[in-house]
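# Structure assessment
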Amino acid sequence: MKKKLSTAEAVLTALAVVFAAVPVLLAAFYYDVYPVLHAVDALIIIFFILEVCILIAALWRLLATMNSDSFSAGTLVPAAAALLLGVLSFVITSDIDTVLEERRFESSREQYSAAVEYLDASRYSQQMELPPQYSHLSRDGKVLAYSCNGGKNICYLFVRLDHENRYEGILYVSGNTPVLYYEITEQYSSYSYKELRSNYVRIVLYK
C-alpha cells in the first residue's frame, strides 16, 4: 500500500484547503468586501458547494481504489481534509464577523463615547455627520439618529454595513435604563441585537 500522495490527491487536498479558507476570509472582511462586491453572500455559498464537490470526488476515488492494488493511504487525505476543513470553515464563517466587530467596538469604546458627546452637542437630524477623527466608526462617516420617547432620548446607529436587506452596526441607546425604543424597531421589518456594554448594542435591523 502506497503512502505517498499522488498528484491527484495533492491537488484535491490543496483545493480542499483553499475552498475552506476563502469563505472564512470573505466573512472576516465582509464589511469591506460587500460595498465592492454585493454578490459576496453567493460567493461564500459557492465555495462551500465546491468544498462538497471535493469531498464527493475524494470519496469516489477512495471507494474506486479501496479493493485494488492501487489503493493508497494518501487517498484518505483529500476526503478527510474536505470534511474536517469544510465543517470548521462553516462554523467559523457563521460568526467570525460578529466576533471581530465586538472586539473592534471594545478597542474603540472611548472613541464611541466621544463621538456620542459630539453628536449630542450637534444639531439633530435623521442623518448626522461625524468629525474626521471619528468617521471610521461608521462605514461612510455618518450615523443614523433616532428621536425617541417624545424627543427625550436621541439614539445613534453607527452603520457598519448597509446591506440591501439590512443595516448592521453599533447602536447607542440613550437613557439611564436603556431599552430598544419602539420608535427605532417599528421602522424595520425585524431586528436582532446583542448587548455590548451599558448603552451600546450590536444590532441588525432588517429593512
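### Concerning the overall build of the protein
- When its secondary structure is counted, the protein shows six helices and six strands.
- When the helices and strands of the protein are listed from N to C terminus, the series reads α-α-α-α-α-β-β-β-β-α-β-β.
- Against the globule reference of 17 Å for 207 residues, the protein gives a C-alpha radius of gyration of 24 Å, more extended than a compact globule.
- With the C-alpha coordinates aligned to their principal axes, the bounding extent of the protein is approximately 80 × 35 × 30 Å.
- With 207 residues in all, the protein has 43% of them scored as buried.
- The contacts in the protein between residues at least 6 apart in sequence include a share of 55% that link residues at least 24 apart.
- Total accessible area computed for the protein in this model is approximately 11800 Å², and 59% of it derives from carbon and sulfur atoms.

### As for the packing of helix α1 (residues 7-28) against helix α4 (residues 76-107)
- Taken N-terminus to C-terminus, the directions of α1 and α4 make an angle of 5°; their axes are 7 Å apart at the nearest point. Classified by the angle their axes make, α1 and α4 are roughly parallel. Across the interface between the two elements, Glu9, Leu12, Thr13, Ala16, Val17, Ala20, Pro23, Val24, Ala27 and Ala28 of α1 pack against Val77, Pro78, Ala81, Ala82, Leu85, Gly86, Ser89, Ile92, Thr93, Ile96, Asp97 and Leu100 of α4.
- Residues that form the contact of α1 with α4 fall into these classes: 16 nonpolar, four polar and two charged.

### Focus: the side chain of Arg202
- Its place among the elements puts Arg202 in strand β6 (residues 200-206).
- Among the polar contacts listed, one links the side chain of Arg202 to the side chain of Glu168, at a separation of 3.1 Å.
- In contact with Arg202, other than residues within four places in its own chain, are Tyr31, Asp97, Thr98, Glu101, Glu102, Glu168, Gly169, Ile170, Ser192, Tyr193, Lys194 and Leu196.

### Some words on α4
- Taking 1.5 Å per residue, 32 residues should reach 46 Å; α4 reaches 44 Å between its end C-alpha atoms and fits that length.
- The sharpest bend along α4 measures roughly 45° and falls at Asp95.

### Notes on unusual backbone geometry
- Phi angles above zero are rare outside glycine, and Asn199 is one such case at about 75°.
- With respect to the helices and strands, Asn199 occurs in the loop between β5 (190-195) and β6.

### Quick look at the pattern of salt bridges
- Evaluation of the coordinates by the stated rule reveals eight salt bridges.
- Between Asp162 and Lys207 there is a salt bridge, and its shortest N-O distance comes to 2.6 Å. One end of the pair, Asp162, is in strand β3 (residues 153-162); the other, Lys207, is in the segment after β6, and 45 residues separate them in sequence.
- Take Asp162: its relative accessible area is 32%, and that puts it in the partly exposed class.
- Relative accessible area serves as the criterion here: at 43%, Lys207 is assigned to the partly exposed category.
- A network of salt bridges, in which partner residues are shared, links Glu101, Arg104 and Arg160.

### Examining the sheet that holds strand β2 (residues 142-148)
- Taken in spatial order, the six strands of this open sheet run β1-β2-β3-β4-β6-β5, and their pairing is antiparallel. Pairing within the sheet leaves two strands with one partner each, and these edge strands are β1 (127-129) and β5. Pairs of neighbouring strands in the sheet enclose a mean axial angle of 30°, with direction left out of account.
- Looking at chain direction, β5 and β6 are connected through six bridges and run antiparallel. Bridge pairing in β6 links Tyr191 to Leu205.

### Here we look at a nonpolar patch on the surface
- Together, Leu83, Leu84, Val87, Phe90 and Val91 make up a nonpolar patch on the protein surface, roughly 510 Å² of accessible area in all.
- You can see Phe90 is positioned in helix α4.
- Assessed through its relative accessible area of 55%, Phe90 is described here as exposed.

### Section: the pairing of β2
- Of all seven residues in β2, five are buried; the element is thus mostly enclosed.
- Alignment of β1 against β2, held across three bridges, turns out to be antiparallel. Its bridge partner lying in β2, Met128 is registered against Val143.
- Joining the antiparallel neighbours β2 and β3 is a turn of four residues, in which Asn149 adopts a positive phi near 55°.

Conventions we followed
Residues numbered from 1 in each chain as written. Predicted model: local features only at pLDDT ≥ 70, side-chain atom pairs only at ≥ 80, totals over all residues. Heavy atoms only, no water. Helix = DSSP H or I, 4+ residues; strand = E, 2+ residues; numbered from the N terminus. Rg over C-alpha atoms; globule rule 2.2 N^0.38 Å. Buried < 20%, exposed > 50% of the residue type's maximum accessible area, 1.4 Å probe, protein only. Contact = heavy atoms within 4.5 Å. Areas by Shrake-Rupley, 256 points an atom, 1.4 Å probe, with all protein chains shown as cover. Axes fitted to C-alpha atoms, helices over the stretch in contact; angles between N-to-C directions. Parallel < 35°, antiparallel > 145°, perpendicular 65-115°, else oblique. Nonpolar A, V, L, I, M, F, W, Y, C, P; charged D, E, K, R; others polar. Polar contact = N/O pair within 3.5 Å; in protein donor to acceptor, adjacent residues only side chain to side chain. Expected span 1.5 Å × (residues − 1). Bend = angle between axes of the 7 residues up to and from the residue. Salt bridge = Lys/Arg side-chain N within 4 Å of Asp/Glu carboxyl O. Pairing = 2+ DSSP bridges. Patch = residues over 30% accessible without salt bridge, like charges linked within 9 Å, V, L, I, M, F, W, Y side chains within 5 Å.

Worth remembering: the numbers are spatial, not functional.
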